Amino acid sequence: MDEPDPAVTESSPLEQDGTAVSPSEMEAATFGMGCFWGPDARFGAMEGVVRTRVGYAGGTTPTPRYHALGDHTEVVHVVYDPETVTYDELLEVCWANHDWASRAPKRQYRGVVLAHDDHQHEVATHQRATLEERTGQSVETAIEPFDQLFLAEDYHQKYELRSTPVVGDELAAQYGDAFVDSTVVARLNGFVAGHGTPTQRNEVLASLDLPPRLLEELRRRF
């Protein structure tokens, strides 16, 4: 299933920590940082991030799938509130969480910043030049225009949370079709991977209407 930029084309409200927000108020960013499970969790724990999805982008092969990617790359697609977190800040997380100095052995796992507009391209180019100047190393991560996101299979979405015994299955059943796009699920996916602050975790847990045994399992994982 292929999907264009959800921040631009999706008409239904997005959820931000339980509150509906208009897609027109949000912006999107897309990064290739190796295997997309880790970045999905890392960005999902950030305040201001409304939604994360993992998928395939940056290539020309029609309808890529995990075992038939063609020339596409694994990416994380982030929808965020620019009033809370900036594109510059998201980029800083991108540089800090992948090996930008090495060329990936497979295009599937390459480092790439897929810019959604001229502003993002300018910011990414400036940060890359600054990084090279500061470190004296060449940055192998590419900067290219974003074209289209092809969603990865369900089992890749929120992988860290899905891999948490009992909790992942029950939350997937409870949220249904909203599981992948939920802000709360994005936070929990980040928390079980070790990201986020104790305050964040406590606030999210306090907002959840879940059986005590699931809450206890989440607290144990955090």
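Structure shown above.
## Topic: the pairing of strand β7 (residues 111-115)
Then comes step 1: When you tally the buried positions in β7, you get five out of five residues, the bulk of the element.
Then comes step 2: Taking every second residue as pointing to the same face, both faces of β7 are buried, with G111, V113 and A115 on one and V112 and L114 on the other.
Then comes step 3: Taken together, the four bridges between strand β4 (residues 27-33) and β7 define a ladder with antiparallel strand orientation. Among the inter-strand pairings, G32 is bridged to a residue of β7, identified as V112.
Then comes step 4: Of the pairings in the sheet, the one linking β7 to strand β8 (residues 142-145) comprises four bridges and is parallel in character. In the sheet register, A115 faces β8, and the bridge partner there is P145.
Then comes step 5: This β-α-β element, β7 to helix α4 (residues 118-135) to β8, shows right-handed connectivity.

## Section: the side chain of T141
Then comes step 1: Topologically, T141 is positioned in the loop between α4 and β8.
Then comes step 2: Given a relative accessible area of 2%, T141 falls into the buried group.
Then comes step 3: Within the local environment of T141, its side chain forms a polar contact with the side chain of H98, the two groups lying 2.6 Å apart.
Then comes step 4: Excluding its chain neighbours within four sequence positions, the residues that come into contact with T141 are W95, H98, W100, G111, V112, V113 and R128.

## Considerations on the nonpolar core
Then comes step 1: F31, F43, Y87, L90, L91 and V113 are the most contacted members of the largest nonpolar core, which totals 23 residues.
Then comes step 2: Broken down by element, the residue count for this core peaks at six residues, all from helix α3 (residues 87-96).
Then comes step 3: Once you skip the residues sitting within four places of it in the chain, V113 turns out to touch T30, F31, Y87, L91, C94, W95, A124, T141, A142, I143 and E144.
Then comes step 4: Membership of the second largest hydrophobic core comes to 18 residues, among which are V167, V180, L188 and L205.

## Description of the packing of helix α2 (residues 37-44) against helix α7 (residues 183-192)
Then comes step 1: The N-to-C vectors of α2 and α7 enclose an angle of 115°; their axes lie 7 Å apart at closest approach. The orientation of α2 with respect to α7, classified from their angle, is roughly perpendicular. Crossing of α2 over α7 shows left-handed handedness. In this structure, α2 contributes D40, A41 and G44 to the contact, and α7 contributes A186, R187, N189 and G190.
Then comes step 2: Among the residues forming the contact of α2 with α7, the class breakdown is two nonpolar, three polar and two charged.

The rules we used
- Residues numbered from 1 in each chain as written.
- Predicted model: local features only at pLDDT ≥ 70, side-chain atom pairs only at ≥ 80, totals over all residues.
- Heavy atoms only, no water.
- Buried < 20%, exposed > 50% of the residue type's maximum accessible area, 1.4 Å probe, protein only.
- Helix = DSSP H or I, 4+ residues; strand = E, 2+ residues; numbered from the N terminus.
- Pairing = 2+ DSSP bridges.
- Right-handed = clockwise from strand over helix to strand, strands pointing away.
- Polar contact = N/O pair within 3.5 Å; in protein donor to acceptor, adjacent residues only side chain to side chain.
- Contact = heavy atoms within 4.5 Å.
- Core = buried A, V, L, I, M, F, W, Y, C linked by side-chain atoms within 4.5 Å.
- Axes fitted to C-alpha atoms, helices over the stretch in contact; angles between N-to-C directions.
- Parallel < 35°, antiparallel > 145°, perpendicular 65-115°, else oblique.
- Left-handed = near helix turned anticlockwise from the far one by under 90°.
- Nonpolar A, V, L, I, M, F, W, Y, C, P; charged D, E, K, R; others polar.

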